[in-house]
Amino acid sequence: MHEIFLDELKKLNAQFMEMGVLVNDLIDKGTRSFVEHDKKTAQQMIAEDKEVAKEAVKIEKKALELMALQQPVATDFRVVISILKATTDLERIGENANSIAVETVRVKGNPRLPEVEKVISNMTHQVREMLVQVLTAYVQENEKDARKMVLGHAKVFKDYKNARQMIIDGVEQEPDAAVASASYFVIIRLLERISDHIVNLASWVIYKTSGELFELIKPKKK
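Nothing here was measured: the structure is a model prediction, and the numbers come from that model.

A. How the structure looks around the overall build of the protein. A count of helical and extended segments in the protein gives 8 helices and 0 strands. Listed N to C, the secondary structure of the protein is α-α-α-α-α-α-α-α in terms of helices and strands. Relative to its length of 222 residues, the protein is compact, with a C-alpha radius of gyration of 19 Å against a globular reference of 17 Å. The principal-axis extents of the C-alpha atoms in the protein amount to approximately 65 × 35 × 25 Å. Counting only residues that meet the buried cut, the protein has 46% of its 222 residues in that class. Only carbon and sulfur atoms are counted for the fraction: they give 53% of the accessible area of the protein, which is about 11,500 Å². Mean positive and mean negative side-chain charge positions of the protein (33 and 34 charges, respectively) differ by 2 Å.

Laid out in structure tokens, this is it:
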């Protein structure tokens, strides 16, 4: 019976990783569509915005079936719970990525601030790299690497604060960029939220491996 459970759990982990890859791709598409003014890609993302939610439902259904039918032991139960919780964070990341696509459509052809968009690109690279690292840590059950997500989050938050000031300064010098600047504020906040969710994922890696449950970062005032 336990062998059957382990086989099904392996499949569940594979589904979770596939969802992680999908979400990481959405982050890239969302911000690239904005920076490159690619309205077509953004509209496609918006039209397909239920894809991540569908994957989440599949994983949640499978996880609940495993717990109900296979009656896992305590350690295995913890693994399934970590997948359930981590899937919710992945779903939120996907929602944030699609929200960036919405801003691409909203800002249309209004004047931009290239220096701010460079920071947005940098933040995107950082959060995507963090997501790959935390997913790898999940598969390898590497608690040490999971804890390093705090450092990545600190870098993203630093860029977030710097970008806020750049937007304020930029719109003072270029009033015509006011519409784009409103979207900039939204996008950097969404990227910072993605970083928050990645840290949450790291917390579930730690829970999965050690059973320890705590917040890696304390709530901060913005």
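B. Structural detail: unusual backbone geometry. We note that His37 has phi near 60°; this positive angle belongs to a residue other than glycine. Here His37 is to be found in the loop between helix H1 (2-35) and helix H2 (39-47). Backbone geometry at Glu141 places phi at a positive 55°, although glycine is not the residue there. Within the secondary structure layout, Glu141 lies in the loop between helix H5 (114-140) and helix H6 (143-147). The class for Glu141 is partly exposed, based on a relative accessible area of 46%.

C. Region of the structure containing the packing of aromatic side chains. The full count for this structure, using the stated rule, is 4 aromatic pairs. Centroid distance Phe16 to Tyr138: 4.8 Å. Interplanar angle 45°. Geometry classified as tilted. Remark: Tyr138 occurs in helix H5 and Phe16 occurs in helix H1; sequence separation between them is 122 residues. Take Phe16: its relative accessible area is 1%, and that puts it in the buried class. Centroid distance Phe34 to Tyr184: 5.8 Å. Interplanar angle 75°. Geometry classified as edge-to-face. With Phe34 in helix H1 and Tyr184 in helix H8 (residues 178-210), this residue pair connects regions lying 150 residues apart in the sequence. Considered together, Phe34 and Tyr184 belong to a single accessibility category, that of buried residues.

D. Structural view of the nonpolar core. Counting residues in hydrophobic clusters, the biggest one holds 65 residues, and the most contacted among them are Phe16, Ile93, Leu131, Val134 and Ile198. Listing elements by their share of this core, those giving two or more residues are H1, H2, helix H3 (51-70), helix H4 (74-107), H5, helix H7 (149-173) and H8. Ranked by the residues each element gives to this core, the list is headed by H8, at 15 residues.

E. Seen up close, the UniProt feature "domain: PhoU" (unreviewed entry) in the protein. Mapped onto the present numbering, the UniProt feature "domain: PhoU" (unreviewed entry) falls at residues 17-101 and 120-205. End C-alpha to end C-alpha, residues 120-205 measures 28 Å, and it is 92% helix and 0% strand.

Thresholds applied
Residues numbered from 1 in each chain as written. Predicted model: local features only at pLDDT ≥ 70, side-chain atom pairs only at ≥ 80, totals over all residues. Heavy atoms only, no water. Helix = DSSP H or I, 4+ residues; strand = E, 2+ residues; numbered from the N terminus. Rg over C-alpha atoms; globule rule 2.2 N^0.38 Å. Buried < 20%, exposed > 50% of the residue type's maximum accessible area, 1.4 Å probe, protein only. Areas by Shrake-Rupley, 256 points an atom, 1.4 Å probe, with all protein chains shown as cover. Lys, Arg positive; Asp, Glu negative; His and termini not counted. Charge placed at Lys NZ, Arg CZ, Asp CG, Glu CD. Phe/Tyr/Trp six-rings, centres within 6.5 Å; stacked < 30°, edge-to-face > 60°. Core = buried A, V, L, I, M, F, W, Y, C linked by side-chain atoms within 4.5 Å. UniProt positions renumbered as here; feature names shortened; annotations may be inferred.

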